[in-house]
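Structural description and commentary
One letter stands for each residue in the lines below.
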Amino acid sequence: MSYLVLARKWRPKSFDEVVGQDHVVKALVNSLNSQRLHHAWLFSGIRGVGKTSLARILAKSLNCERGITSKPCGTCSSCRGIDSGGSLDYLELDAASNRGVEEMSNLLSQANYTPVIGRFKVFLVDEVHMLTNHAFNSILKTLEEPPDHVKFIFATTDLHKIPITVLSRCLCFNLRKMSDNYLIKQLSVILSNERISFDESSLVMIARLAKGSMRDALSLTDQAISYGDGVISIVALREMFGMVDSAKVIHLLQSILLNDVKSLIDIADNVIDSGFSYETFLSDLAILLSRVAIIQHFSDSEINDIDLISFKDNISPDLTQLLYAVVTHSSQELAQSPDQYSGFLMICFRLLSLASQFSNNNFINESLPKLNNSEIYNSTKQELSISSNKNIFVNEQKNDLVLLKKAAEINIVEDKDSKKLDKKNIDFDLVSFSNNDWLELVPKLSLHGFVLELARQSEFVKVFENNFTIRVSIPTLASHENKLRLQTVLSEYFDMTIKLDILVGATGDKTAHARSQAQQLYKKKQLEQIVDDDPFVKEVVATLDGDVLIDSISELD
Ligand SMILES: [Zn+2]
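Residues numbered from 1 in each chain as written. Predicted model: local features only at pLDDT ≥ 70, side-chain atom pairs only at ≥ 80, totals over all residues. Heavy atoms only, no water.

To continue, consider the overall build of the protein. Secondary structure summary: the protein contains 25 helices and eight strands in total. Within the protein, residue pairs in contact and separated by at least 24 positions form 74% of the contacts whose partners lie at least 6 positions apart. Within the structure as shown, the protein displays about 28,400 Å² of accessible surface, and the carbon and sulfur contribution to it stands at 51%. (Helix = DSSP H or I, 4+ residues; strand = E, 2+ residues; numbered from the N terminus. Contact = heavy atoms within 4.5 Å. Areas by Shrake-Rupley, 256 points an atom, 1.4 Å probe, with all protein chains shown as cover.)

Dropping the structure here:
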């Protein structure tokens, strides 16, 4: 026996079998039962949600030999004719390939004949929005004064392209997109019936790919069955669609949030080995972040993935947004990178750097470390990597402390945060305003969130009269809202109208953010040197033939 594709085999043949469109079915059944029949119906909705199936069931209901009914028999010659496509009283026209007035005239000329065996001539015009204006006009004449024996059913995926004159003469129904949960439930019923074994997570993936379309879900399932030789498994599906194991993407996000550079490098090393592209990996990371955002903003969402729920409580919604924006923007950089590996790694470092800044500002909840992290956390390596990312020359040799100190220019930014100056107490001269003034100014402004990040990550370019220009390297921070907010705060501070221009481009080590990172690193190196030089420590190390654990050095409160 030849194999019948699932979408055809499981196409609903009666209103009882229609799934997920209860609101439409109920209205149609009621009007059929009470014999109040309209002469034109319009079904709208995305592809594969059952518009054509409903049209055929409706046609059978109108023409069943047992009378107008909401339960067509399915066995009379009229019902069978409609199901098999051989009915002379039911005509389907695909407007996508028959757009013109001529095709429409041919169809409408059929309306002049009385039905052959049924009660009505039923016309289905699929993708009706594709018709030309002339074709719409010709159909309109018949719609305005329809013969008693003619019924129209229109189906469309784009309701907004249909002229209001046509819409106003139809009974319109919007068919719903199917939810993921609904698709999964339906697929598991069908597969159990077909005696095909499957794992739950593969259905989740199919539902996600089908984007609300039952027909797409079924045809993907068909492909999966033939690919997996009669069995559906998540591993085979990933191979088939070239998708990244979601656990790997989750691990990537965890590593970013945990500042785990070693894991990041391991992941980057393994991407190619596992047969995926860096591009796919980044786009999956963006999808993961968008799913985290959904559950952060909408607690009733259908997403019940345990990993996602753990992220929900461990990243602030602001950081989720920022990471998403950086991932999507940075993905375009991949093509321009010297090679995909370094491009991917640099993007990951950027994300890590952003996440760590946010965590310094308590944007990441303190409970974060409870996320599973199998890798050993190596803070020294991490700091060095971040710093090299910021073009600050770093070397573990003691002699380079001088360089570090220069980079940090600690005297400039030290303890500025603790100063609470009256905003009217302006101590900057706009004529001689410099980048150092900018660094001194930023902590004095009442900023928070993204606007604070914008100020901290910007370097001063110039000021002319009341017109400030700054430069930032992260395009998303230069958003219109951030710019307006910073402009307002600057105007309040200087007690005059300030106009702000933001350039997007590479910044050096002259931003408040780069300075504070360099400062932290300098302090750490300074502490290490103090410990190293301490005679007592030297003696203990020598006597016990031991080593100083660098990471354990910290400043007393
Ligand atoms: Zn029948």
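In this structure, Cys64 (SG), Cys73 (SG), Cys76 (SG) and Cys79 (SG) serve as the protein donors to the zinc ion, at separations of 2.2 to 2.3 Å. One can describe the site at the zinc ion as tetrahedral: its four donor atoms subtend angles covering 101 to 122° at the metal. The sequence pattern formed by the donor residues of the zinc ion is C-x8-C-x2-C-x2-C. The exposure class of cysteine 73 is partly exposed, given its relative accessible area of 22%. (Donors = N, O, S within 2.8 Å, 3.2 Å for Na, K, Ca; no water. Tetrahedral: all angles 85-135°; square planar, octahedral: opposite > 155°, others 65-115°. Buried < 20%, exposed > 50% of the residue type's maximum accessible area, 1.4 Å probe, protein only.)

Another aspect to go through is helix 3 (residues 51-63). Counted at 1.5 Å a residue, the expected span for helix 3 with its 13 residues is 18 Å, and the 18 Å between its end C-alpha atoms agrees. Among the 13 residues in helix 3, 13 count as buried, and that is most of the element. (Expected span 1.5 Å × (residues − 1).)

With that settled, consider the pattern of salt bridges. According to the stated counting rule, one finds 13 salt bridges in the structure shown. In this structure, the salt-bridge partner of arginine 47 is aspartate 216, at a minimum N-O distance of 2.7 Å. Residue arginine 47 is located in the loop between strand 1 (40-44) and helix 3, and its partner aspartate 216 is located in helix 10 (residues 214-227); the two are separated by 169 residues in the primary sequence. (Salt bridge = Lys/Arg side-chain N within 4 Å of Asp/Glu carboxyl O.)

Right, let's talk about the nonpolar core for a bit. Ranked by size, the top nonpolar core spans 69 residues in total, and within it Leu285, Phe344, Phe433, Trp438, Phe468, Leu486 and Phe494 carry the most contacts. Here this core takes 10 residues from helix 17 (residues 340-360), the largest share from any one element. Shared between two domains, this core holds at least three residues of each, these being domain 3 (246-377) and domain 4 (411-510). Of all hydrophobic cores here, the second largest spans 49 residues; its members include Val18, Ala55, Leu191 and Met214. (Core = buried A, V, L, I, M, F, W, Y, C linked by side-chain atoms within 4.5 Å. Domains from an automatic or database assignment.)

So, about the side chain of histidine 149. Summarising the element assignment, histidine 149 is placed in the loop between helix 6 (133-144) and strand 4 (150-156). There is a polar contact of 2.7 Å between the side chain of histidine 149 and the backbone oxygen of alanine 111. Histidine 149 has contacts with Ala111, Asn112, Tyr113, Thr114, Pro115, Arg119, Phe120 and Lys121, leaving out every residue within four places of it along the chain. (Polar contact = N/O pair within 3.5 Å; in protein donor to acceptor, adjacent residues only side chain to side chain.)

Next up on the list: the sheet that holds strand 8 (residues 499-504). Hydrogen bonds between backbone groups are what pair the strands of a sheet, and the pairing can be parallel or antiparallel. With respect to topology, three strands assemble into an open sheet ordered 6-7-8, the strand pairing being mixed. Edge positions in the sheet fall to strand 6 (458-464) and strand 8, since each of these pairs with one other strand and no more. Averaged over neighbouring strand pairs, the angle between their axes works out to 25° when direction is ignored. Taken together, the six bridges between strand 6 and strand 7 (residues 467-472) define a ladder with antiparallel strand orientation. Counterpart to serine 458 in the pairing with strand 7 is valine 472. Set on the sheet, helix 23 (residues 480-494) makes contact with strand 7 and strand 8; between it and strand 8 the angle comes to about 135°. (Pairing = 2+ DSSP bridges. Axes fitted to C-alpha atoms, helices over the stretch in contact; angles between N-to-C directions.)

Here the focus is the sheet that holds strand 3 (residues 121-126). Taking strand neighbours across the sheet as the criterion, the five strands line up as 2-3-4-1-5 in an open arrangement whose pairing is parallel. Among the strands making up the open sheet, the edge pair consists of strand 2 (90-94) and strand 5 (171-174). The mean angle between the axes of side-by-side strands here comes to 15°, regardless of whether they run parallel or antiparallel.

A word on the packing of helix 14 (residues 278-297) against helix 16 (residues 317-331). Each packed pair of helices is defined by two parameters, the angle between the axes and the distance between the axes. It is at 9 Å that the axes of helix 14 and helix 16 come closest, and there the two elements cross at 155°. With respect to each other, helix 14 and helix 16 are oriented roughly antiparallel. Here helix 14 runs over helix 16; the crossing is left-handed. For the pair formed by helix 14 and helix 16, the contact residues are Leu282, Leu285, Ala286, Leu289, Ser290, Val292, Ala293, Gln296 and His297 on the first element and Pro317, Thr320, Gln321, Leu323, Tyr324, Val327, Thr328 and Ser331 on the second. Broken down by class, the residue content of the contact of helix 14 with helix 16 amounts to 10 nonpolar, seven polar and no charged. (Parallel < 35°, antiparallel > 145°, perpendicular 65-115°, else oblique. Left-handed = near helix turned anticlockwise from the far one by under 90°. Nonpolar A, V, L, I, M, F, W, Y, C, P; charged D, E, K, R; others polar.)

Below, the discussion takes up the packing of aromatic side chains. Inspection of every chain in the model, using the stated rule, returns 13 aromatic pairs. Taken together, a centroid distance of 5.7 Å and an interplanar angle of 65° make the contact between phenylalanine 428 and phenylalanine 433 edge-to-face. Judged by its relative accessible area of 7%, phenylalanine 433 is buried. Look at tryptophan 438 and phenylalanine 468: their rings are 6.3 Å apart centre to centre, the planes differ by 45°, and that puts the pair in the tilted class. A residue pair is termed long-range when its members are at least 10 positions apart, and tryptophan 438 in helix 21 (residues 435-441) and phenylalanine 468 in strand 7 qualify at 30 residues. Accessibility expressed as a relative area gives 0% for phenylalanine 468, which makes it buried. An aromatic cluster is present here, built from Phe428, Phe433, Trp438, Phe460, Phe468, Tyr493 and Phe494 joined pairwise through their rings. (Phe/Tyr/Trp six-rings, centres within 6.5 Å; stacked < 30°, edge-to-face > 60°.)

In this section: unusual backbone geometry. The phi angle at glutamine 35 is positive, at roughly 60°, despite the residue not being glycine. Inspection of the secondary structure puts glutamine 35 in the loop between helix 2 (22-33) and strand 1. Classification of glutamine 35 by relative accessible area gives partly exposed; the value is 45%. One non-glycine residue, glutamate 465, adopts positive backbone phi at about 50°.

Assignment of secondary structure puts serine 458 in strand 6. Serine 458 gets classed as buried once you look at its relative accessible area, which sits at 0%. Engagement of the side chain of serine 458 in a polar contact is seen with the backbone oxygen of leucine 454, the distance being 2.5 Å. The contacts of serine 458, once residues within four sequence positions are left out, are Trp438, Ile470, Arg471, Val472, Thr511 and Ala512.

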